[in-house]
Amino acid sequence: MCGIIGIKGNDEVAKELFVGLMALQHRGQNSAGINTYDGERFYSKKGNGLVSHVLTGNSLKRLRGTIGIGHVRYPTIGRGDEEDAQPFLTTSPVGISVVHNGNIVNYFELRRSLGEKRYLNSFCDTEVILNIFADNFTNDPFEAGRVIMDKTNGAYSILAVVSGVGLFAFRDPNAIRPFVFGRKGENYIFTSESVVLQILGYNIIKDLAPGEGILVDENGRVTQKMLKKGSPRHCIFEYIYFARPESVLDGLSVYKARLSLGKGLAKEVKRRGIRPDVVVPIPDTSRPTAIALAEEIGVPYREGLIKNRYILRTFIMSTDDERMRHIKYKLNPLIDELKGKKVLLVDDSIVRGTTSRQIVRVVKNAGTKEIYFAISAPPIRNPCYYGIDMQTRSELIAREKNEDEIRDILKVDALIYQTLDGLKEAIGKENFCRACFDGDYPTKIKGKEILEIEEKRKRLTQTRKVGAGLFM
Ligand code: SF4
């Protein structure tokens, strides 16, 4: 999962790209980068770290041009090395720079298909996409985009700056990852979340349709074409956890979706006759869900855990060790709100169970009487191959354990998952990928691809553990 942005403006675009990336920082904290084009040459700055660390004042001044793209990275493939940071650039057959949000399921097959033809310097799927795009580019980006769609299986929202052509955007035929197009006067923007448009003063034109390509050429003319027929299967996890609450993705408000999830959970809480003294969110994602849940069951909503904002988002950290260490420093209990009470904690999801276990421990140590744990999402039983970092079956706690076992592992008095029907009712029955919950993947995934992904993932986790150990 990553965040992307591209702007075609009349003036220099680097500052707006920077502000946009800051607004997308929650989508990836491993690396950041911007690439701009001034009609003659490309300028690039990227590296590992947060946006504000990588893109400093001096480097922004160097990024000249009225067209540019930017990226924040959350690695689901590759080792997360500096070489994997985006944007990627090639100078053949013309200058082309690319950023990508999503995950390519048949990455290994595509990489092998490039053979000796192209030299690859990273383990990132975006570099493979760039090379296939470049190999098939004559003078029409729509044609090259079509080839990508024919060859590629997975989730991809892609932006390319093509020298002598303009800014080109295209979205996979299932529109799995979000992608919005907007305008401010003569300036155009493409980005992962509408919150960026709001902050930069752009108006939404539309979300890219499944399989659609849009070109804003160097003169600001807009051309839209369907590259491949598709049907929407937007990632439902964006609404549960990933996106910012201010964003509206494919016409649906993330904040409102989270409120509806709270109403769905309230039904389960009532059905099971659970009566807490307070409802406490695990900040920040589950706050709206907890507010709606508390309202529905008529119990006070309280802040019981205060988050240190300067500690990175836990789920997208690379290793369990990292996650465990950071939770302790990240969430501090408000003892007066918890001590002696029956507390209903609300969280967005349980993936590995590592973070949840640690949070429960923190809350228990504050002297609670009982702890109930309510989860906005149903049990996650299947890996995600489309860009959320839960790609191996073995890392999912709900795959092997039933709800009673998970409750015992977490050491809570009750565990209340959202039901699949509750999720459908809250967010919508149609148009969504819910594969991590129900196993119904929007694209066909071969057994060989699953094995290659899992093998790579294991090696990646090993590499990261070694890396993390060096800094402990
Ligand atoms: S499998 Fe789950 S996380 Fe992955 S795209 Fe589908 S809904 Fe999103």
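Residues numbered from 1 in each chain as written. Predicted model: local features only at pLDDT ≥ 70, side-chain atom pairs only at ≥ 80, totals over all residues. Heavy atoms only, no water.

A. Here's a closer look at the overall build of the protein. The number of helices and strands found in the protein is 18 helices and 23 strands. A compact globule built from 472 residues would reach a C-alpha radius of gyration of about 23 Å, and the protein, at 22 Å, matches this within 12%. Overall size of the protein, expressed as C-alpha extent along the three principal axes, is 70 × 45 × 45 Å. The contacts of the protein with a sequence gap of at least 6 include a subset with a gap of at least 24, amounting to 69%. Accessible surface for the protein amounts to roughly 18,700 Å². Of this, 48% is attributable to carbon and sulfur atoms. (Helix = DSSP H or I, 4+ residues; strand = E, 2+ residues; numbered from the N terminus. Rg over C-alpha atoms; globule rule 2.2 N^0.38 Å. Contact = heavy atoms within 4.5 Å. Areas by Shrake-Rupley, 256 points an atom, 1.4 Å probe, with all protein chains shown as cover.)

B. Main features of the nonpolar core. Judged by nonpolar contacts, the single largest core of 68 residues is most densely connected at Ile240 and Ile427. Of the residues forming this core, the biggest block, six residues, is contributed by helix α5 (residues 125-135). Both domains that meet at this core, namely domain 1 (3-232) and domain 2 (253-470), each give it at least three residues. Apart from the residues within four sequence positions on either side, Ile240 is in contact with Arg258, Leu261, Thr285, Asp348, Ser376, Ala377, Leu423, Ile427 and Phe437. (Core = buried A, V, L, I, M, F, W, Y, C linked by side-chain atoms within 4.5 Å. Buried < 20%, exposed > 50% of the residue type's maximum accessible area, 1.4 Å probe, protein only. Domains from an automatic or database assignment.)

C. Representation of the sheet that holds strand β21 (residues 370-375) in the model. Strand order across the open sheet formed by four strands is β17-β20-β21-β22, with parallel pairing between neighbours. Pairing within the sheet leaves two strands with one partner each, and these edge strands are β17 (278-281) and β22 (414-417). Going from strand to strand, the sheet's axes swing by 25° on average, the running direction of each strand aside. Packed on one face of the sheet, helix α9 (residues 254-271) meets β20 (342-347), β21 and β22 and runs near 140° to β22. Helix α15 (residues 403-410) contacts β21 and β22 of the sheet and is inclined by roughly 125° relative to β22. (Pairing = 2+ DSSP bridges. Axes fitted to C-alpha atoms, helices over the stretch in contact; angles between N-to-C directions.)

D. Spatial organisation of the packing of α9 against helix α16 (residues 420-427). One can describe the packing of α9 onto α16 by two numbers: an axis separation of 8 Å at closest approach and a directional angle of 145°. The element α9 and its partner α16 pack so that their crossing is right-handed. In this structure, α9 uses Ala257, Ser260, Leu261 and Lys267 to contact α16, whose residues at the interface are Leu423, Glu425, Ala426 and Ile427. Residues that form the contact of α9 with α16 fall into these classes: five nonpolar, one polar and two charged. (Left-handed = near helix turned anticlockwise from the far one by under 90°. Nonpolar A, V, L, I, M, F, W, Y, C, P; charged D, E, K, R; others polar.)

E. Structural detail: the pairing of β21. Within β21, five of the six residues are buried, which leaves the element mostly enclosed by the surrounding structure. Pairing analysis gives six bridges linking β20 to β21, with the strands arranged parallel. Bridged to Leu345 within β21 is Phe373. Following the chain from β20 across helix α13 (residues 354-364) to the adjacent parallel β21, one finds a crossover that is right-handed. Note: β21 against β22, four bridges, orientation parallel. Paired with Phe373 across the two strands is Leu415, which belongs to β22. (Right-handed = clockwise from strand over helix to strand, strands pointing away.)

F. Quick peek at the site of the ligand. Around the ligand sit Ile176, Arg177, Cys235, Ile236, Phe237, Cys384, Tyr386, Ile388, Met390, Cys433, Ala435 and Cys436, and those are all the residues in its vicinity. In this structure the site holding the ligand corresponds to the largest cavity. Split by residue class, the shell around the ligand holds 11 nonpolar, no polar and one charged. (Near = heavy atom within 4 Å. 1 Å grid on protein atoms, 1.4 Å probe; cavity = no way out; pocket = protein on both sides within 12 Å on 5 of 7 lines; lining within 4 Å. Sits in = over half its atoms within 2 Å of the grid points.)

G. How the structure looks around the confidence of the model for the protein. When pLDDT is averaged across the protein, the result is 92; 92% of the residues are at 70 or more. The low-confidence segment residues 465-472, where pLDDT is below 50, has three contacts with residues more than four positions distant or belonging to other chains. (pLDDT = per-residue confidence, 0-100.)

H. Seen up close, the packing of α5 against helix α6 (residues 141-151). The N-to-C vectors of α5 and α6 enclose an angle of 130°; their axes lie 8 Å apart at closest approach. Taken together, the axes of α5 and α6 are oblique relative to one another. Between α5 and α6 the crossing geometry is right-handed. Taking contact as the criterion, the partners of Ile129, Ile132 and Phe133 in α5 are, on α6, Pro141, Ala144, Gly145, Val147, Ile148 and Lys151. Here the residues of the contact of α5 with α6 are counted per class, giving seven nonpolar, one polar and one charged. (Parallel < 35°, antiparallel > 145°, perpendicular 65-115°, else oblique.)

I. Up close: the domain arrangement of the protein. Here the domain parsing of the protein yields domain 1 (3-232) and domain 2 (253-470). Each of domain 1 and domain 2 has a C-alpha centre, and the two are 31 Å apart. Taken together, the contact between domain 1 and domain 2 spans 24 residues of the former and 26 residues of the latter. Taken together, both faces of the contact between domain 1 and domain 2 bury some 2,200 Å²; the carbon and sulfur share is 55%. When the area that domain 1 buries against domain 2 is broken down by residue, the three leading residues are Tyr74, Val105 and Phe108, summing to 27%. Our count for the contact surface shared by domain 1 and domain 2 stands at two salt bridges. (Buried area = accessible area lost by both parts, 1.4 Å probe. Salt bridge = Lys/Arg side-chain N within 4 Å of Asp/Glu carboxyl O.)

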